[in-house]
Amino acid sequence: MPNIIRIAAALLIDPQGRTLLVRKRGTEAFMQPGGKIDAGESPVQALVRELYEELGLSINADQAVHLGRFSAPAANEPGFEVQAELFRVDSAAPVTPAAEIDEVVWLAADQAPALTLAPLTRDLILPLYRQAVSAPR
């Protein structure tokens, strides 16, 4: 049974339809903003807290649409699996990297990122995002 890290992550989408990826200090892989769910916290509470801590982004819990639970090998902790509760958040608010975030990048659906991506981001979330934004409304 792998060691599991439970996180809440945001598929954050701006009015141009781009999604935000972040890179934590001292790491190479870009991933969705978000973070570990603390004891006694619901996934959406963790998401609201992490987006504020990491990006200075204030959202209401009802802005976050739960997309499902996704699992993949952890990018920065060998031998661990990350289990993400993924939420779609549409926001026009500016973001400012804070806390442990070193770099942020907005990615369009048709861009092939020349970045190192976390497995969860690369294999599951970005394909989902491309499908979501290219789907007819």
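Residues numbered from 1 in each chain as written. Predicted model: local features only at pLDDT ≥ 70, side-chain atom pairs only at ≥ 80, totals over all residues. Heavy atoms only, no water.

- Per an unreviewed UniProt entry, the protein goes by NUDIX domain-containing protein and derives from Pseudomonas monteilii.
- The UniProt entry for the protein carries the following text under Sequence similarities (unreviewed entry): "Belongs to the Nudix hydrolase family."
- As stated in UniProt under Cofactor (unreviewed entry), the record for the protein gives "Mg(2+)". (UniProt positions renumbered as here; feature names shortened; annotations may be inferred.)

Notes on the pairing of strand β6 (residues 80-90)
Consideration 1: By the criterion of burial, β6 is predominantly enclosed, with 8 of the 11 residues buried.
Consideration 2: With 11 bridges connecting them, strand β1 (residues 3-13) and β6 associate as parallel partners. Paired with L11 across the bridge in β6 is R88.
Consideration 3: Relative to β6, strand β5 (residues 64-73) runs antiparallel, the two sharing 9 bridges. Bridge pairing in β6 links H66 to F87.
Consideration 4: Between β5 and β6, which pair antiparallel one after the other, the connecting turn spans 6 residues, and G79 there sits at a positive phi close to 85°. (Buried < 20%, exposed > 50% of the residue type's maximum accessible area, 1.4 Å probe, protein only. Helix = DSSP H or I, 4+ residues; strand = E, 2+ residues; numbered from the N terminus. Pairing = 2+ DSSP bridges.)

Here we look at the pattern of salt bridges
Consideration 1: All told, the structure shown has 13 salt bridges when counted by the stated rule.
Consideration 2: The salt bridge partner of E54 is K24, with a shortest N-O separation of 3.6 Å. Taken as a pair, E54 in helix α1 (residues 43-55) and K24 in strand β2 (residues 19-24) lie far apart in primary sequence, 30 residues in all.
Consideration 3: What makes K24 buried here is its relative accessible area of 17%. (Salt bridge = Lys/Arg side-chain N within 4 Å of Asp/Glu carboxyl O.)

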